[in-house]
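# Structural characterization, general
Residues per chain, in single letters:
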Amino acid sequence: MLELEARDDKHDYPAPRASSLLEGARAQSEVDRVYAAIFDAMMDRRLLPGAKLTESTLCDIFSCSRAIVRSALSQLAYDKLVIHEPNRGAFVWQPSPKETQDVFDARMALECLLIDRLLTLSDLPSRLQNLRTMVEHERKAFEAGDRIAWLRLSNAFHVKLSDQLGNDVLTGFMYGLCARTTLIIAHHDTPETSTCSYLEHEIILDKLEANDGEGARKAMLDHLQDCVQRLHERDRTPSDPWMAFSVKR
């Protein structure tokens, strides 16, 4: 039987799983457990866009009923992370060029709004200290070659930045957009061309702490636009998607 989860090795740079970032996101049911495991495999880029999600295989992996698997896949489809194709089954979402542009346009608009709202907080510098620590962990993970931890921390930065406002709706939107962005990058990007996102995150925090709204918005837009520019199509030999649940870092 394949392992159900990737190992969480202990380092001095904790890297939260993507499924743990929202308040109250801890698994409460069998459906939640299956959902979270598949979601984290996608966010870690262990389960890539286009992978077929066969119900019978998932039932074996998670030792659960077909009804539970179907419910988890339906929830992932509702979140636009899985698609159901008639007579073919469920697949990890593969973005079209329009969907890619739409997601990044939404990210740019929302993150600029978040920056404007953050700059109204009188205690913003103290609120950002945890983000400073997270970016330092991101740097350590990158320098150690710990790709999964680096990916998790890079994604968590944006969700946790949004979370400083205490607006659960806005944070939920950011969480969903970051998840779709991760699949877009996994679909297009080659790891060797990815730049050090922690450097860009540091610049964003510097501008926010300096109360430089224009500079912070520009730094965020430059960061997201750089992500778009790094996207490019690449040939990829289909891999066994079920290995996503047994990969060891």
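Keep in mind that what you see is a predicted model, and the values were worked out from it rather than measured.

What follows concerns the packing of aromatic side chains. The tally for this structure, following the rule as stated, stands at 4 aromatic pairs. Centre to centre, the rings of F142 and W150 are 5.0 Å apart; their planes meet at 65 degrees, and the pair counts as edge-to-face. With relative accessibility at 28%, the residue F142 sits in the partly exposed group. A residue is classified by how much of its surface remains accessible, and W150, at 12% relative accessible area, is buried. Put simply, the rings of Y35, F39 and Y175 touch in pairs and so form one group of aromatic residues. The ring of W93 has R180 sitting right over it, with the charged end atom 4.2 Å from the ring centre.

Take the pattern of salt bridges next. Under the definition given, this model contains 16 salt bridges. Here E30 makes a salt bridge to R33, at a shortest N to O gap of 2.7 Å. Note that E30 and R33 are positioned in helix α1 (residues 30-43) at a spacing of 3 residues, about one turn of the helix. Using a relative accessible area of 35% as the deciding quantity, one classes E30 as partly exposed. Across the salt bridge formed by R46 and D44, the nearest N and O atoms sit 3.3 Å from each other.

Turning our eyes to something else, we now look at the packing of helix α7 (residues 147-163) against helix α8 (residues 168-188). Following both chains from N to C, one finds α7 and α8 inclined at 165 degrees, their axes separated by 9 Å at the closest point. It follows from the interaxial angle that α7 and α8 lie roughly antiparallel. Seen from above, α7 lies across α8 with right-handed handedness. Within the contact between the two elements, α7 uses N155, H158, V159, S162 and D163 and α8 uses L170, T171, M174, Y175, C178, A179 and T182. By residue class, the composition of the contact of α7 with α8 is 6 nonpolar, 5 polar and 1 charged.

What counts, and at which threshold
Residues numbered from 1 in each chain as written. Predicted model: local features only at pLDDT ≥ 70, side-chain atom pairs only at ≥ 80, totals over all residues. Heavy atoms only, no water. Phe/Tyr/Trp six-rings, centres within 6.5 Å; stacked < 30°, edge-to-face > 60°. Buried < 20%, exposed > 50% of the residue type's maximum accessible area, 1.4 Å probe, protein only. Lys NZ or Arg CZ within 6 Å of the ring centre and 35° of its normal. Salt bridge = Lys/Arg side-chain N within 4 Å of Asp/Glu carboxyl O. Helix = DSSP H or I, 4+ residues; strand = E, 2+ residues; numbered from the N terminus. Axes fitted to C-alpha atoms, helices over the stretch in contact; angles between N-to-C directions. Parallel < 35°, antiparallel > 145°, perpendicular 65-115°, else oblique. Left-handed = near helix turned anticlockwise from the far one by under 90°. Contact = heavy atoms within 4.5 Å. Nonpolar A, V, L, I, M, F, W, Y, C, P; charged D, E, K, R; others polar.

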